[in-house]
Amino acid sequence: MGFGKGYGKTILFGEHFVVYGLPAIASALGSFTTANIKIAQGKGWTVDDQRPATPGYKKKKYHESMQSVKNVINHLKIDTKNQKLEITFAGDLIAASGVGASAAQCTSLARALNDSFNLNLSDEKINEAAYEGEKAYHGTPSGIDNTASTYGGLIWFVKNLNGGKNTMDLLQSPKKIPLVIANSGITASTAEVVADVKRLKEENPEKFENIFGEYKMLAEEAKKALLEGKIFNIGSLMNQNQKLLQDITVSGEINDNLVEIALKNRAIGAKMTGTGRGGLVIALAENEEIQEKIAKAFENEGFDAWKTMIG
Ligand code: MEV
């Protein structure tokens, strides 16, 4: 028997930009995926996926999910010829596009294998194994999702494009920040959206260079605002980040609608989070009363919404 947990995450700043070595800021969520492993007679492995999920999510991601399990098992060199692994995924993290569900699954599995076979892996090694799993979801993950899932907390992350160690700094905000996460209900393919951005960048390098330059300054300001707990600055920077995400075409119509609902209901800032073109939107609230108002507004429009505190 073995058990492991992996946290969900939300990207506050820098999804997509992070793939190109620009800094991003993410926060782990309190919700997590769990993996339980039973070792049985036989060979190979089976998966019983009991995670709560957005309708259609598990079906759309089925093959990627199975490949990710295989990648993690192979990376950790677990023998599946002389024993069978019966893996069950569960937990309270709702598997949806944008919440780091794939990374949470990979991290929980790496931790459960570590537990089952007494591998004594450090968090760094768990993170590396989870990253191998993430590759099944798209070829070039930045690594931010599995890093947030493994370490938890609020993180500043920069991918090392030369293949060396990524930069990961834990940030501490002096204030807990109320956030609402709204689910569009649409499952996007990270592989497709990331590949599309790559194509657009190759077609129009100058445009992307300008956007990247603008984003880089924004990310530094966002880090400062978070460290100082300046909530209005954070909100305003989220709005600016959303505009840049629209410019690179990853914020779809439904994301823009959700952002509008949030802003109309007194969110200080709102943006898509994660892959985009569906998935999730996050909205920053000044206090818990407004947080509740925003969550209700999303629900009244027919969208699931979750409240969380970050920082
Ligand atoms: C997905 O949660 C975040 C992306 O930036 C992809 C990645 O960082 O690997 C879209």
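Residues numbered from 1 in each chain as written. Predicted model: local features only at pLDDT ≥ 70, side-chain atom pairs only at ≥ 80, totals over all residues. Heavy atoms only, no water.

Overview of the domain arrangement of the protein
On domain assignment, one finds that the protein holds domain 1 (2-171) and domain 2 (177-310). With centres defined by C-alpha atoms, the gap from domain 1 to domain 2 works out at 23 Å. On the domain 2 side, the residues contacting the 31 residues of domain 1 number 45 residues. Here domain 1 meets domain 2 over a buried area of about 3200 Å², counting both sides, of which 70% is carbon and sulfur. When the buried area of domain 1 at its contact with domain 2 is split by residue, F13, H16 and F17 rank highest and sum to 23% of it. At the junction of domain 1 with domain 2, the criterion picks out 1 salt bridge. A salt bridge links E15 to K271; its shortest N-O distance comes to 2.9 Å. Viewed at the interface, domain 2 and domain 1 are joined by 14 residue pairs in polar contact (both at pLDDT 80 or more). Contributions of two or more residues to the side of domain 1 that touches domain 2 are made by β1 (2-13), β2 (24-40), α1 (57-60), β5 (154-158) and β6 (167-171). (Domains from an automatic or database assignment. Contact = heavy atoms within 4.5 Å. Buried area = accessible area lost by both parts, 1.4 Å probe. Salt bridge = Lys/Arg side-chain N within 4 Å of Asp/Glu carboxyl O. Polar contact = N/O pair within 3.5 Å; in protein donor to acceptor, adjacent residues only side chain to side chain. Helix = DSSP H or I, 4+ residues; strand = E, 2+ residues; numbered from the N terminus.)

Some points on the packing of helix α2 (residues 62-75) against helix α3 (residues 101-116)
Packing of α2 against α3 brings their axes to within 10 Å, and their N-to-C directions diverge by 35°. Pair α2 / α3 crosses with right-handed handedness. Between α2 and α3, the contacting residues are S65, S68, V69, V72 and I73 on the first element and Q105, C106, L109, A110 and L113 on the second. Across the contact of α2 with α3, the residue classes tally to 7 nonpolar, 3 polar and no charged. (Axes fitted to C-alpha atoms, helices over the stretch in contact; angles between N-to-C directions. Left-handed = near helix turned anticlockwise from the far one by under 90°. Nonpolar A, V, L, I, M, F, W, Y, C, P; charged D, E, K, R; others polar.)

Topic: the pairing of strand β9 (residues 280-284)
Summarising burial for β9: 5 of the 5 residues are buried, a large majority. Residue alternation in β9 divides its side chains into two sets, L280, I282 and L284 and V281 and A283, and both sets are buried. Relative to β9, strand β7 (residues 177-183) is paired through 5 bridges, and the arrangement is antiparallel. Directly across from N183, in β9, lies its bridge partner L280. Pairing analysis gives 5 bridges linking strand β8 (residues 269-273) to β9, with the strands arranged antiparallel. (Buried < 20%, exposed > 50% of the residue type's maximum accessible area, 1.4 Å probe, protein only. Pairing = 2+ DSSP bridges.)

Focus on the site of the ligand
Around the ligand, 13 residues are found, and the nearest of them are K9, H16, H138, S142 and D145. In this structure, K9 approaches the ligand through a side-chain N or O atom, which is 3.3 Å from an oxygen atom. In this structure, an oxygen atom belonging to the ligand sits 2.9 Å away from a main-chain N or O atom of H16. Within the complex, 96% of the 300 Å² of free accessible area of the ligand lies under protein. The set of elements that each furnish at least two residues to the shell around the ligand consists of β1 and α5 (144-151). Tallied by class, the residues present in the shell around the ligand amount to 5 nonpolar, 5 polar and 3 charged. (Near = heavy atom within 4 Å. Areas by Shrake-Rupley, 256 points an atom, 1.4 Å probe, with all protein chains shown as cover.)

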